[in-house]
Amino acid sequence: MRKQNSGFTLAEVLVATVIGIISIAAAFASYGYFNKSYKSISQKANINNTARESLSILTKELRNAGYVDPNYLANSPENRTERTVRMDFISVSSKRFGGKYGQSDYLQLWYSNSAKESHYIVYMLQKYQNSNDYYLAKYATLNRHQPGGGKMYMRNELFIPYVEDFQVILKDKEGKILVPVCNSGCGSVEDSQGKGTVVNTKYGQLTKGQANVDLVHTAEIYLTLRSPKEVYAKAKPTKIINGESPHGSNINIPADKYHRETFFVSVHTRNL
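Overview of the structure. As a convention, each chain's residues are numbered from 1 in the sequence order in which they are written. Where local features are concerned, this predicted model is filtered to residues with pLDDT of at least 70; where side-chain atom pairs are given and counted, the filter is 80 or more; whole-chain, interface and lining totals use all residues. Heavy atoms from the whole structure form the basis of all side-chain values; hydrogens and water molecules are not counted.

**Considering the packing of aromatic side chains**
Then step 1. Each Phe, Tyr or Trp ring, with Trp reduced to its six-membered ring, pairs with another whose centre is within 6.5 Å; inter-plane angles below 30 degrees give stacked pairs, above 60 give edge-to-face pairs, and intermediate values give tilted ones. Following the criterion strictly, the structure yields 7 aromatic pairs and no others.
Then step 2. Centroid distance Y128 to Y162: 5.1 Å. Interplanar angle 35°. Geometry classified as tilted. Separated by 34 residues along the polypeptide, Y128 in the loop between strand 3 (119-127) and strand 4 (134-142) and Y162 in the loop between strand 5 (151-160) and strand 6 (163-171) bring together distant segments of the chain.
Then step 3. Judged by relative accessible area, which is 24%, Y162 ranks as partly exposed.
Then step 4. On the basis of an interplanar angle of 50° and a centroid distance of 4.8 Å, the ring pair of Y222 and F264 is categorised as tilted. Of this pair, Y222 sits in strand 9 (residues 218-226) while F264 sits in strand 12 (residues 260-268), and the two are 42 residues apart along the sequence.
Then step 5. Under the relative-accessibility criterion, F264 is labelled partly exposed at 45%. Where helices and strands are cited, they refer to DSSP runs of H or I of at least four residues and of E of at least two residues respectively, numbered from the N terminus. Three exposure classes are used, based on accessible area relative to the maximum for each residue type with a 1.4 Å probe and protein chains only: buried under 20%, partly exposed in between, and exposed over 50%.

Here it is, written out as structure tokens:
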């Protein structure tokens, strides 16, 4: 009687090997695809979270801008009057510290939340060290106008990373854009808009830049963020249009693989 041996033929082994190699290759390809997709989605989600959280803080401060505690003028260490505090409620300098593309704005705001304290806040783009990229920095000073210059409790704090554009457009009750709105920290754009022209107001004679502070009703913020790392497989150009011509920005960015997204918020400046 002949004994039958169990096992695989050479053809079966070769077929199984080929199938195994194909399966492993497919698994690695799938892993690479899903890993790349995950990183892309994670960066986009991170941009959205960063913008949402930071704009929430910025919105709150814009609503605080111009608030003066009822006892502040009589008891503050700064010895200021209603006329002098109104000049600093809010100020925008166009294209000052304008970032990589020279278009971004510089925002200042002021408020007093107690009889003894005032807060002077500045937002501006700053360059990362050893890099051509920019972030939105925050500065904050307590009682800035008192003798000695007050106390700066935030200096060049990284508020929002990888910012491509930051635009602040101020409007009056009718929705008309107000320019210039600037007392200190003004730039060449505000000079060309007649910042120093003297006008009569109910607070006495002020410059045009100072007088427009009292007319601000709404602040519109345009914020364009960029992903920290490349996202797309192929490079593509990007065009950023934030605001209304001739105000705001119009930026053409050469082709690259980064993801960019613009966020917008309109804030009623209720204390101005």
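**Section: the environment of I169**
Then step 1. Considering the arrangement of structural elements, one finds I169 in strand 6.
Then step 2. Put simply, I169 and E117 are 52 residues apart on the chain and 28 Å apart in space, counted from C-alpha to C-alpha.
Then step 3. Ignoring anything within four residues of it in the chain, the contact list for I169 reads I177, T218, A219, E220, Y222, G243, E244, H247 and G248. In what follows, a contact means two residues having at least one pair of non-hydrogen atoms within 4.5 Å.

**Quick notes on the state of the cysteines**
In protein structure, a disulfide is the covalent linkage between the sulfur atoms of two cysteines.
Then step 1. Counting rule for disulfides: a pair of cysteine sulfur atoms within 2.5 Å. What the rule picks out here adds up to 1 disulfide.
Then step 2. The disulfide partner of C182 is C186, and the gap between their sulfur atoms is 1.7 Å. On the sign convention where negative means left-handed, the S-S torsion of about -125° between C182 and C186 marks this disulfide as left-handed.
Then step 3. Classification of C182 as buried rests on a relative accessible area of 1%.
Then step 4. Residue C186 is classed as partly exposed on the basis of its relative accessible area, which comes to 21%.

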